[in-house]
Amino acid sequence: MKHPNYDVIVVGGGHAGTEAAHASARTGARTALVTLTKDGIGVMSCNPAIGGLGKGHLVREIDALDGVMGRVADKAGIQFRLLNRRKGPAVQGPRAQSDRKIYRREMLAETEAQENLDIVAGEVVDFLITGSTIHGVRLADDSEISAKAVILTSGTFLRGVIHIGDVSKPGGRMGDKPSVRLAERLDSFELPLGRLKTGTPPRLDGRTIAWDQLDAQPGDDEPTFFSFMTNQLYAPQVDCGITHTNEKTHEIIRQNLERSAMYGGHIEGVGPRYCPSIEDKVVRFADKTSHQIFLEPEGVDDHTVYPNGISTSLPVEIQEAYVHSIFGLEKAEILQPGYAIEYDYVDPRALGLDLALKSHTGLYLAGQINGTTGYEEAAAQGLVAGLNAARFAKGEEALTFSRSESYIGVMIDDLTTNGVTEPYRMFTSRAEFRLSLRADNADQRLTGLGIEIGCVGEQRKVEFSEKMEKLDAARAVMDARTFTPKEVNAAGIAVNQDGNKRTATDVLAFPDVGFDDILPLLPELMTCEDPIRRQLERDALYANYITRQKREIEALKRDEGHHIPRDFSYDFEGLSNELKGKLERARPETLAQAGRVDGMTPAALALILARLRKRTSAGQEKTA
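What counts and how
- Residues numbered from 1 in each chain as written.
- Predicted model: local features only at pLDDT ≥ 70, side-chain atom pairs only at ≥ 80, totals over all residues.
- Heavy atoms only, no water.
- Helix = DSSP H or I, 4+ residues; strand = E, 2+ residues; numbered from the N terminus.
- Rg over C-alpha atoms; globule rule 2.2 N^0.38 Å.
- Buried < 20%, exposed > 50% of the residue type's maximum accessible area, 1.4 Å probe, protein only.
- Contact = heavy atoms within 4.5 Å.
- Areas by Shrake-Rupley, 256 points an atom, 1.4 Å probe, with all protein chains shown as cover.
- Salt bridge = Lys/Arg side-chain N within 4 Å of Asp/Glu carboxyl O.
- Axes fitted to C-alpha atoms, helices over the stretch in contact; angles between N-to-C directions.
- Parallel < 35°, antiparallel > 145°, perpendicular 65-115°, else oblique.
- Left-handed = near helix turned anticlockwise from the far one by under 90°.
- Nonpolar A, V, L, I, M, F, W, Y, C, P; charged D, E, K, R; others polar.
- Core = buried A, V, L, I, M, F, W, Y, C linked by side-chain atoms within 4.5 Å.
- 1 Å grid on protein atoms, 1.4 Å probe; cavity = no way out; pocket = protein on both sides within 12 Å on 5 of 7 lines; lining within 4 Å.
- Points joined across faces, edges and corners; volume = space filled by probe spheres on them.
- Pairing = 2+ DSSP bridges.

A. How the structure looks around the overall build of the protein. Looking only at helices and strands, the protein features 19 helices and 20 strands. The C-alpha radius of gyration of the protein comes to 26 Å, within 12% of the 25 Å expected for a compact globule of 624 residues. A principal-axis box enclosing the C-alpha atoms of the protein has dimensions of 80 × 75 × 50 Å. Within the span of the protein, comprising 624 residues, buried residues form 57% of the whole. In the protein, the share of contacts with a sequence separation of at least 24, taken over all contacts with a separation of at least 6, comes to 72%. Surface summary for the protein: the accessible area is close to 26,500 Å², and the carbon and sulfur share equals 48%.

B. Seen up close, the pattern of salt bridges. Enumeration over the complete set of coordinates arrives at 54 salt bridges. In this structure, the salt-bridge partner of D187 is R159, at a minimum N-O distance of 2.9 Å. Here D187, found in helix α5 (residues 181-188), pairs with R159, found in the loop between β9 (144-152) and β10 (161-164); they are 28 residues apart in sequence, far enough to count as distant. By relative accessible area, D187 is classed as partly exposed at 34%. Look at R159 and you get partly exposed, because its relative accessible area is 26%. For R587, the salt bridge goes to E584, with nearest N and O atoms at 2.6 Å. With relative accessibility at 38%, the residue E584 sits in the partly exposed group. Each of D63, D66, R71, K75, R105, E106, E110 and R460 takes part in salt bridges that share partners, so that together they form one network.

C. Examining unusual backbone geometry more closely. Unlike most non-glycine residues, D142 shows phi in positive territory, near 75°. Although it is not a glycine, D512 sits at a positive phi angle of roughly 65°. Assignment of secondary structure puts D512 in the loop between α14 (504-508) and α15 (515-518).

D. Inspection of the packing of helix α3 (residues 69-76) against helix α4 (residues 100-113) at higher detail. Look at α3 against α4: their axes get within 8 Å of each other, and the N-to-C directions meet at 140°. On the basis of their axis angle, the class for α3 and α4 is oblique. Crossing angle aside, the handedness with which α3 passes α4 is right-handed. Within the contact between the two elements, α3 uses M69, R71, V72, A73, K75 and A76 and α4 uses I102, Y103, E106, M107 and E110. Class assignment for the residues of the contact of α3 with α4 results in seven nonpolar, no polar and four charged.

E. Examining the nonpolar core more closely. Counting 100 residues, the largest nonpolar core has I9, I50, Y103, F127, V137, L152 and L363 as its most contacted members. Ranked by the residues each element gives to this core, the list is headed by helix α9 (residues 375-393), at eleven residues. Setting aside chain neighbours within four positions, we find I50 in contact with M44, V59, M69, A73, P94, R95, A96, S98, Y103, F226, Y375 and E376. In this structure, F464, A504, V507 and I532 belong to the second largest nonpolar core, which totals 25 residues.

F. Structural view of the layout of surface pockets. Space inside the second largest pocket adds up to approximately 1,200 Å³. Around the second largest pocket sit 34 residues that line it, and R60, F228, P531, Q535 and R538 are the ones nearest its centre. Elements with a contribution of two residues or more to the lining of the second largest pocket: α11 (442-453), α12 (458-480) and α16 (530-560). Of the residues in the lining of the second largest pocket, the class split is eleven nonpolar, seven polar and 16 charged.

G. Quick look at the pairing of strand β15 (residues 240-244). Counting buried residues in β15 gives four out of five residues, a clear majority hidden from the surface. Alignment of strand β14 (residues 215-217) against β15, held across three bridges, turns out to be antiparallel. Within the sheet, the bridge partner assigned to A216 lies in β15 and is G241. Across four bridges, β15 lies against strand β16 (residues 292-297) in antiparallel orientation. Among the inter-strand pairings, T243 is bridged to a residue of β16, identified as I293.

H. Structural context of the sheet that holds strand β18 (residues 334-336). Strand order in the open sheet made by the six strands is β14-β15-β16-β17-β13-β18, with antiparallel pairing throughout. What marks the edges here is a single partner per strand, and that holds for β14 and β18. Within this sheet the neighbouring strands show an average axis-to-axis angle of 40°, counted without direction. Two elements, β16 and strand β17 (residues 304-308), share four bridges in a ladder whose sense is antiparallel. Looking across to β17, one finds that F294 is bridged to N308.

I. Layout of the sheet that holds β10. Reading across from one edge, β11-β10-β19-β12 is the order of the four strands in this open sheet, with antiparallel pairing throughout. With one partner strand each, in any of the chains shown, β11 (167-170) and β12 (193-200) form the two edges of the open sheet. Neighbour-to-neighbour, the strand axes of the sheet open up by a mean angle of 25°, direction not taken into account. The sheet contact formed by β12 and strand β19 (residues 339-346) spans eight bridges and is antiparallel. Within the sheet, the bridge partner assigned to T200 lies in β19 and is Y339.

Next comes the structure, spelled out in structure tokens:
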């Protein structure tokens, strides 16, 4: 079969692949998304949920750049909750329970409707290579597709193996075969490879669960959506259920640990520490007599329930025994057993900040192949790889994201600087500038950039511009006048009689002061819309802290401006052999990135900077 030529080919239709394909196509690059079947686009292989702490921030940032995950998650959302609601906005995380069927349907519809994007059904088994340059792919039917750049988003499919007890079988996920020939091709690239594992719990038949005996977990009365474009619910809302394991459950698991694939020695890969299997929980937290389980419906018209908290690789009969020991699940039927899956990943230190392989031109990696876990982390990487592959195809400079401006930047810098020892998961604690990297201001941070690089559509551009005009107008009014302590007190706001005049923004930053409280000072703001009021409140809350952080951010950006050439040698006096080895493996692209290599010291960083300056001076003298 003869295929047309493309600018960018994306291999894989999961969360990384779809986001990569859309990002590439939105910038005008002619893009092909190659996937085993159309039905595989947008499949939620693990839990039917999007978002959470740190993860929700990533989805908001994807949306701010006009990505698709947020919009689709909102359409498929059957329960919305804002996590950490009692804490400050900086660490709050939007999360949605999703209807699997709706999510897949809407993602496929978005993908089929996207301009410049073709879906090609087939299995990629090899790359088209000249020297160290990738210029296309070969499919299992021996047909070829040529392109200027290729993005590989293979998920858990590279030499994937599914484990249930002592039974192991090849598989990329339950019901799908693994990708072996492509893994063998990557072997020839001599990339640093490793093995990781993840797992899922047994799926239950909701009709056999005693819901009336369990605590219900409803969603929020006022849902927090992922997309800045969403203003309504699309799907019926449902409650989740809550139950717990008990000492009987734990005893069943302890007595059969050796039959677990993990504890029986069948799995080499490392699993996610922050999402442990029920076997791990029982062993690592031996003093705990129970663990919480969230019973999450997989759809409004689907009886399947995902019991979040009991992922396992035990034999099926042991899964049945421990499930039936849990309150409310005594008669629950297992529709699909839980399983562990082990797969290859590439050490992400082999990648640049643009997610391109350093050793081969024209090949980008995104998603679990880079050692991450989670839909959101995968989609964010897909976005970055898609934008950069398209820019490469058009001969434009690479686009990189700074730690100071986005959680996307934090994640990619973490991965490419220090690699992974376990599946990487995003948390708010990973971001040193998290007070300014909030979920609520992702559009203010990134949509302007998206407009500049051409990946934001007209509708979002108009809505964002209107929002910013309203925010700027309100801020201008709030900062145009200052008020004495006497005037502030007269408005009903307690303030020290210190003689200092303050703007309305300063007053809004006071604890327990809301937008409505400053209206007596500035009645002209009465017409300000509620969403704008809430945004101004959140911005004011952190304004003083962010001002203090600016010096640190400026120092980071200064160091990010010192680029390190790829052929830079660390073999000079003053660096320990251990640090030299780490720097050679990581090959940091900037001085800032070098500063975050494990074991780096201020003295060593100063030596590297001196060498860089010396090299730059020598280069200038040669051209003089």
